[in-house]
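# Descriptive analysis of the structure
So the chains spell out like this:
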Amino acid sequence: MSTKKPDFVMPELSVKELSSALYEANKQLAETNRKLLESEQQRKELFANLSHDLKSPLTSIKTNVEYLQSLDTFDPVETYQSLDIINMKIDQMNHLMNELLMVSTLDSLNSSDINLESIPLSMFLEEYYCSCLVDSKFTHRKLEFSPHITDDVNVFMDPKLILRVLDNLYSNALKYSNEHDHICLELNVEKNRAIVSISDTGIGISTESITHIFNRSFTVSKSRTHSSSSSFGLGLSIVASIITLHNGAVWCESDFGSGSTFYFSLPI
């Protein structure tokens, strides 16, 4: 039994209204196309930078393996030194792969996919601060680390993801701080949002880089990259993605040469 298709009804629109609708449609199409091109460009830059940062440890591993193979006699000291370097470079590559996997996972999520719990934020931050005091990354450095947590407020958050945010910001502060610098973890409450910050008195970030540091494809300028550090990192991009999933905001303030403060807000 055939079903008759409904007759087409011409919308009662004037030529001006049709032209306006067509203009808006073209405008939206152009904007969508622009975002697609921008996303594709960022993807290309991401993989170009990633390839660069994978090549360095691979080269080091290959060099040390070839050196060990060239030895006529077994020297325990030289062997262990080379193996230590190889192990360190493998850790670097593993970290980079884990970061890339995290980015891929976050891209597939939306706000309804994360496990939100009502968490007393002040207690959560105080526990994190105490864990940092016994962290080997911190204890071997002559750095001051202090909390400024006076407000008591509950927020809905995924504790594992927010812990990742704190770890990335804390590691970033450590990376760009020198001996006897100061790192501070702080919580403030403004109206309907809680604002957490991690500040340092390290080397700071140049003004032209501030607006780009949360982009995945951004390569850190030489002025902020230690010679032993990777030029590329996904840590701040991961921070931004996680906070966006929490309907919050993330930003940075910095004085080049005087330190930086990274903020993120969570709705109360």
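Residues numbered from 1 in each chain as written. Predicted model: local features only at pLDDT ≥ 70, side-chain atom pairs only at ≥ 80, totals over all residues. Heavy atoms only, no water.

## Description of the overall build of the chain
Within the chain one finds seven helices and seven strands. If you list the helices and strands of the chain from N to C, you get α-α-β-α-α-β-β-α-β-β-α-α-β-β. For the chain, the proportion of contacts with a sequence separation of at least 24, taken over those separated by at least 6, is 73%. Of the roughly 16,800 Å² that the chain leaves accessible, carbon and sulfur atoms contribute 56%. (Helix = DSSP H or I, 4+ residues; strand = E, 2+ residues; numbered from the N terminus. Contact = heavy atoms within 4.5 Å. Areas by Shrake-Rupley, 256 points an atom, 1.4 Å probe, with all protein chains shown as cover.)

## With respect to the sheet that holds strand β6 (residues 249–255)
Read across the sheet, five strands follow the order β2-β4-β5-β7-β6 without closing on themselves; strand pairing throughout is mixed. Among the strands making up the open sheet, the edge pair consists of β2 (144–149) and β6. Across this sheet, the average inter-strand angle for adjacent strands is 15°, counted without regard to direction. As judged from the eight bridges shared by strand β5 (residues 193–200) and strand β7 (residues 259–267), these two strands associate in the antiparallel manner. Within β7, the position partnered with Ser 199 by the bridge is Thr 261. Lying over the sheet, helix α5 (residues 159–175) contacts β2, β4 (182–190), β5 and β7, oriented at roughly 170° with respect to β7. (Pairing = 2+ DSSP bridges. Axes fitted to C-alpha atoms, helices over the stretch in contact; angles between N-to-C directions.)

## Topic: the environment of Ser 254
Positionally, Ser 254 belongs in strand β6. Relative accessible area serves as the criterion here: at 19%, Ser 254 is assigned to the buried category. Excluding its chain neighbours within four sequence positions, the residues that come into contact with Ser 254 are Gly 204, Ile 205, Ile 210, Gly 259 and Ser 260. A polar contact is formed between the side chain of Ser 254 and the backbone nitrogen of Ile 205, at a distance of 2.8 Å. Reaching out from Ser 254, the side chain makes a polar contact with the backbone oxygen of Gly 259 at a distance of 3.0 Å. (Buried < 20%, exposed > 50% of the residue type's maximum accessible area, 1.4 Å probe, protein only. Polar contact = N/O pair within 3.5 Å; in protein donor to acceptor, adjacent residues only side chain to side chain.)

## What about α5?
An ideal rise of 1.5 Å per residue puts 24 Å on 17 residues; α5 measures up with 24 Å between its terminal C-alpha atoms. N-capping of α5 is provided by Asp 158, with a side-chain oxygen placed 3.1 Å from the backbone N of Lys 160. (Expected span 1.5 Å × (residues − 1).)

## Remarks on the confidence of the model for the chain
Of the residues in the chain, 84% have a pLDDT of 70 or more, and the chain-wide mean is 82. This model gives residues 221–232 a pLDDT under 50, and the stretch forms 33 contacts once residues within four places in sequence are excluded. (pLDDT = per-residue confidence, 0-100.)

## A few points about the packing of α5 against helix α7 (residues 235–245)
Close contact between α5 and α7 brings their axes to 9 Å; oriented N to C, the two are set at 150°. By the angle class used here, α5 and α7 are roughly antiparallel. Note on packing geometry: the crossing formed by α5 with α7 is left-handed. Where α5 abuts α7, its residues Leu 161, Ile 162, Arg 164, Val 165, Asn 168, Leu 169 and Asn 172 lie against Gly 235, Leu 236, Ile 238, Val 239, Ile 242 and Ile 243. For the contact of α5 with α7, a count of residues per class yields nine nonpolar, three polar and one charged. (Parallel < 35°, antiparallel > 145°, perpendicular 65-115°, else oblique. Left-handed = near helix turned anticlockwise from the far one by under 90°. Nonpolar A, V, L, I, M, F, W, Y, C, P; charged D, E, K, R; others polar.)

## Considerations on the nonpolar core
Residues Leu 121, Leu 125, Leu 166, Leu 185 and Phe 264 are the most contacted members of the largest nonpolar core, which totals 47 residues. For this core, the leading source of residues is α5, giving eight residues. If near-sequence neighbours (up to four positions away) are discounted, Phe 264 is found in contact with Ile 162, Val 165, Leu 166, Leu 169, Ala 194, Ile 195, Val 196, Ile 243, Ala 249 and Val 250. In this structure, Leu 50, Ile 61, Met 93 and Leu 96 belong to the second largest nonpolar core, which totals six residues. (Core = buried A, V, L, I, M, F, W, Y, C linked by side-chain atoms within 4.5 Å.)

## A word on the environment of Ile 203
Mapped onto the secondary structure, Ile 203 falls in the loop between β5 and α6 (207–210). Among the residues examined, Ile 203 registers a relative accessible area of 19% and is labelled buried. Separated by 26 residues in the primary sequence, Ile 203 and Ser 177 place their C-alpha atoms 6.5 Å from one another.

## Regarding the packing of aromatic side chains
Counted according to the given criterion, the structure contains five aromatic pairs. With a centroid separation of 6.2 Å and an interplanar angle of 85°, the aromatic rings of Phe 214 and Phe 262 are classed as edge-to-face. Highlighted residues: Phe 214 in the loop between α6 and α7 and Phe 262 in strand β7, separated in sequence by 48 residues. Judged by its relative accessible area of 18%, Phe 214 falls in the buried class. An aromatic cluster of at least three residues, connected via ring pairs, comprises Tyr 128, Tyr 129, Phe 145 and Tyr 170. (Phe/Tyr/Trp six-rings, centres within 6.5 Å; stacked < 30°, edge-to-face > 60°.)

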